[in-house]
Amino acid sequence: MTMSSIKIECILPGNCRLGESPVWEEASNSLLFVDIPAKKVCRWDSLSQQVQQVTVDAPVSSVALRQSGGYVATIGTKFCALNWEDQSAIVLATVDKDKKNNRFNDGKVDPAGRYFAGTMAEETAPAVLERHQGSLYSLFPDHHVEKYFDQVDISNGLDWSLDHKIFYYIDSLSYCVDAFDYDLPTGKISNRRSVYKLEKEEQIPDGMCIDAEGKLWVACYNGGRVIRLDPETGKRLQTVKLPVDKTTSCCFGGKDYSEMYVTCARDGIDPEGLLRQPEVGGIFKINCSRLIMLLQPSGFLALIIIWEKSDGI
Ligand SMILES: O=C(O)[C@H](O)[C@@H](O)[C@H](O)[C@H](O)CO
Ligand SMILES: [Zn+2]
């Protein structure tokens, strides 16, 4: 993929205050995403170009697909099951009960159906917050929660290697992309190491996804770009710049997963910055005319048992 073959389009000139967690839903040809402070989960239908949204009662930081249909989402400090039709959220588990100022941030489902998500202290301004308050958790199909580690500043991008043996993770204020050995049967992680340190102009690492060649794509908050990294060599392979500064996350989607969708934020941008970025708060699509390397579903399906509805997994 060379720069010249890339087309970037604002597909939804929305007004996201803090767009995050893009996830492609194949069954509906739709892109799901959240606007965290607006407490909204949105679903953009790529065929009709219409957006539907569900408003919840606390900041919603990530959304994922459930194997049995419907969604799961991290709302405030709760893992929830989200029913789109009646707009209800069922609480599955609550974390950080002793930390009243915390909320979940980015989350994603692992290849075995566990829902991983980390927390952070609420920000007073972008990237300004009480440090070391966050932790990383996962929700198992039976609703029990495991805690992996604490002392996290801003729990962010996460994904798994194609062979499911490595878990990649970003704590934004470390300015690094980290890797852990991953044990899929148990969901255990070990042997933390850093695979890439962001350069100054790349700014703050935020959301992340993996492509079909096992390379990582990281959205750079304040950097106005997504970067493609080789986690084996620690080298940056590519930079794709976007017409907005606060790029927050990315996923693959569209036909054959040949497109990349990128979310961004407008909160924290001054009036001059808003004038300079007319498409701020929109959702972007990166199209590559030569189809290579992408073709990677943007997430796994959460295996969550909801006994109340007795609808199995
Ligand atoms: O969406 C997130 O991940 C955080 O909630 C955001 O607030 C920003 O991305 C962060 O400030 C940049 O590090
Ligand atoms: Zn994020």
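Residues numbered from 1 in each chain as written. Chains lettered and ligands numbered in written order. Predicted model: local features only at pLDDT ≥ 70, side-chain atom pairs only at ≥ 80, totals over all residues. Heavy atoms only, no water.

- Per an unreviewed UniProt entry, the protein chain goes by the name Regucalcin and belongs to Rhinolophus ferrumequinum.
- Regarding the protein chain, the relevant UniProt record gives this comment under Sequence similarities (unreviewed entry): "Belongs to the SMP-30/CGR1 family."
- Looking at the Subcellular location (unreviewed entry) heading of the UniProt record, one finds this comment for the protein chain: "Cytoplasm". (UniProt positions renumbered as here; feature names shortened; annotations may be inferred.)

## Focus: the coordination of the zinc ion (ligand 2)
Here's step 1: Taken together, the protein donors to the zinc ion (ligand 2) comprise Glu-20 (OE), Asn-156 (OD1) and Asp-206 (OD), at separations of 1.9 to 2.1 Å.
Here's step 2: Seen from the zinc ion (ligand 2), its four donor atoms lie at angles of 85 to 172°, and the figure they make is irregular.
Here's step 3: Donor residues for the zinc ion (ligand 2) sit on one chain with the sequence pattern E-x135-N-x49-D. In this pair, Glu-20 sits in strand β2 (residues 19–25) while Asp-206 sits in strand β18 (residues 204–210), placing the two residues 186 residues apart along the sequence. Each member of the pair, Glu-20 together with Asp-206, is buried. (Donors = N, O, S within 2.8 Å, 3.2 Å for Na, K, Ca; no water. Tetrahedral: all angles 85-135°; square planar, octahedral: opposite > 155°, others 65-115°. Helix = DSSP H or I, 4+ residues; strand = E, 2+ residues; numbered from the N terminus. Buried < 20%, exposed > 50% of the residue type's maximum accessible area, 1.4 Å probe, protein only.)

## Focus: the site of ligand 1
Here's step 1: The environment of ligand 1 is made up of 14 residues, and the closest members are Glu-20, Arg-103, Asn-105, Glu-123 and Asp-206.
Here's step 2: Within the side chain of Arg-103, an N or O atom sits 2.9 Å from an oxygen atom of ligand 1.
Here's step 3: Within the backbone of Ala-127, one N or O atom sits 3.2 Å away from an oxygen atom of ligand 1.
Here's step 4: When ligand 1 is considered free in solution it has 330 Å² of accessible area, and contact with the protein chains removes 99% of it.
Here's step 5: Looking at the shell around ligand 1, the elements with two or more residues in it are β10 (102–109) and β18.
Here's step 6: Counted by class, the shell around ligand 1 contains seven nonpolar, three polar and four charged residues. (Near = heavy atom within 4 Å. Polar contact = N/O pair within 3.5 Å; in protein donor to acceptor, adjacent residues only side chain to side chain. Areas by Shrake-Rupley, 256 points an atom, 1.4 Å probe, with all protein chains shown as cover. Nonpolar A, V, L, I, M, F, W, Y, C, P; charged D, E, K, R; others polar.)

## Some details on the packing of aromatic side chains
Here's step 1: Under the definition given, this model contains 18 aromatic pairs.
Here's step 2: Ring geometry for Phe-116 versus Phe-167: centroids 5.3 Å apart, planes at 45°, classification tilted. Of this pair, Phe-116 sits in strand β11 (residues 115–121) while Phe-167 sits in strand β15 (residues 166–171), placing them 51 residues apart in sequence.
Here's step 3: Classification of Phe-167 by relative accessible area gives buried; the value is 0%.
Here's step 4: Note on Phe-149 and Phe-180: the rings are 5.6 Å apart at their centroids and 10° apart in plane angle, and the pair reads as stacked. Linking Phe-149 in strand β13 (residues 145–152) with Phe-180 in strand β16 (residues 176–183), this pair joins segments that are 31 residues apart in sequence. (Phe/Tyr/Trp six-rings, centres within 6.5 Å; stacked < 30°, edge-to-face > 60°.)

## Here's the deal with the pairing of strand β17 (residues 188–197)
Here's step 1: Across seven bridges, the pairing between β16 and β17 is antiparallel. Bridging from a neighbouring strand, Val-177 pairs with Tyr-196 of β17.
Here's step 2: The hairpin turn running from β16 into β17, its antiparallel successor, is four residues long, and Gly-187 in that turn takes a positive phi close to 75°. (Pairing = 2+ DSSP bridges.)

## What about the pattern of salt bridges?
Here's step 1: Within the structure shown, the criterion is met by 18 salt bridges.
Here's step 2: The salt bridge involving Glu-122 is made with Arg-103; its shortest N-O contact spans 3.2 Å. Of this pair, Glu-122 sits in the loop between β11 and β12 (134–139) while Arg-103 sits in strand β10, and the two are 19 residues apart along the sequence.
Here's step 3: Owing to a relative accessible area of 3%, Arg-103 belongs among the buried residues under this scheme.
Here's step 4: A salt bridge links Arg-192 to Asp-178, with the nearest nitrogen and oxygen atoms 2.8 Å apart. Here Arg-192, found in strand β17, pairs with Asp-178, found in strand β16; they are 14 residues apart in sequence, far enough to count as distant.
Here's step 5: Note on Arg-192: relative accessible area 39%, which makes it partly exposed.
Here's step 6: Judged by relative accessible area, which is 9%, Asp-178 ranks as buried. (Salt bridge = Lys/Arg side-chain N within 4 Å of Asp/Glu carboxyl O.)

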